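Chain by chain, the residues:
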Amino acid sequence: MIDCLVTGAGGALGSVLMRMLNEQHRQAYGLVSPQGPTPHVGRVLRGDLSDPNSYRDRVFALAPRVIVHLAAVSKASEALRDPERARAVNVDATAAMVELCAAMGSRFIYVSTDMVFDGELAPYKETDATEPGTYYGRLKLEGECYALAYAKSLVLRLPLLYGLPEVSREPTFFESTLRALHTGDPIKLFEDELRTPLWLEDAAHVCCELADVEITGVLHAGGPERLSRFEMGRQLAAAVGCSDAPLVAARRSDIAGPEPRPHDLSLDSSRYVAHFGAHPGRDMRSALPLLLARGPHRLLS
């Protein structure tokens, strides 16, 4: 029996969580896709999430105490471009993981998103009505329903995450912005879309913390401030000494797309604070010096 299995271990949050679990000397495995990237730290299994037969027996053999289910088609544009694959990964695989947990008696933490809301009535509490405006959001909400049908489940809704992944893969929004700051290229960022962003390190800490408690239902873990991507870009530029960076403010109306862009998906994390006595994470101005100190050799590569 191991302590933790992390699906989506080759993703941004999954890779940081694997490193953190290793630092805490926990017995943990990651589950990654057959050809996908693997985290820099930690042991992994390869399996196709759309085919439970490719991983079920090995997961049973490991008998994890808790499964943290991060794996997802997480970009709204990708979900819309390949809806069948997105449903297989975001919904069907979640249902399969719930069945596995029920058979093993394992705790199940399903990591969901602030995009289950429509963005018109923020900040959102766990009890507020969900009304996703995107296909991705609807799939994640459907996955929540499967998770909540199992008594030992927790649905953890996270916001926009930023930071440095512990895996070699396509650059995140944060990494792309850093590189553009270095090259001096103009950076177009939305000024009228608000989130409660959370540092990857803090999000991974939240996952570790929740793996060890019995809290169930739905829980929000957003950052302590409401920021637009434009405001995030300004803070990042100041932190790396590029305060004169050519940041360009964009608006939702500038982009014509097949789905609406939510205005404000800010999460109310008061239930988390009431349970743990502290906020899920720190503000971006406090996080950036710590973040930049962790990986200066990787920032501009």
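Right above here is the structure, for reference.
If you're wondering where the values come from, they're calculated on a predicted model, not measured in any experiment.

1. So, the packing of helix 6 (residues 173–183) against helix 8 (residues 229–239)
Here helix 6 crosses helix 8 at 50°, and the two axes come no closer than 11 Å. Judged on the interaxial angle alone, helix 8 and helix 6 are oblique. For the element pair helix 6 and helix 8, the recorded crossing hand is right-handed. Residues Phe173, Phe174, Thr177, Leu178 and Leu181 of helix 6 form the contact with helix 8, whose participating residues are Arg229, Met232, Leu236 and Ala237. Taken together, the residues that form the contact of helix 6 with helix 8 break down as seven nonpolar, one polar and one charged.

2. Remarks on the side chain of Glu175
Here Glu175 shows up in helix 6. Judged by relative accessible area, Glu175 falls into the buried class, the value being 13%. Those residues in contact with Glu175, other than ones at most four positions away along the chain, are Gly163, Leu164, Pro165 and Glu170.

3. Considerations on unusual backbone geometry
Along the chain, Ala122 connects to Pro123 via a cis peptide bond; the corresponding omega equals 0°. With respect to the helices and strands, Pro123 occurs in the loop between strand 5 (107–113) and helix 5 (135–148). The backbone phi angle of His25 is positive, close to 60°, even though this residue is not glycine. Mapped onto the fold, His25 is located in the loop between helix 1 (12–23) and strand 2 (28–32). Classification of His25 as exposed rests on a relative accessible area of 74%. For Ala63, which is not a glycine, the phi torsion comes out positive at approximately 50°. The residue Ala63 is located in the loop between helix 2 (56–62) and strand 4 (66–69) in this model. On the basis of relative accessibility, which here comes to 24%, the residue Ala63 falls in the partly exposed class.

Definitions and cut-offs
- Residues numbered from 1 in each chain as written.
- Predicted model: local features only at pLDDT ≥ 70, side-chain atom pairs only at ≥ 80, totals over all residues.
- Heavy atoms only, no water.
- Axes fitted to C-alpha atoms, helices over the stretch in contact; angles between N-to-C directions.
- Helix = DSSP H or I, 4+ residues; strand = E, 2+ residues; numbered from the N terminus.
- Parallel < 35°, antiparallel > 145°, perpendicular 65-115°, else oblique.
- Left-handed = near helix turned anticlockwise from the far one by under 90°.
- Contact = heavy atoms within 4.5 Å.
- Nonpolar A, V, L, I, M, F, W, Y, C, P; charged D, E, K, R; others polar.
- Buried < 20%, exposed > 50% of the residue type's maximum accessible area, 1.4 Å probe, protein only.

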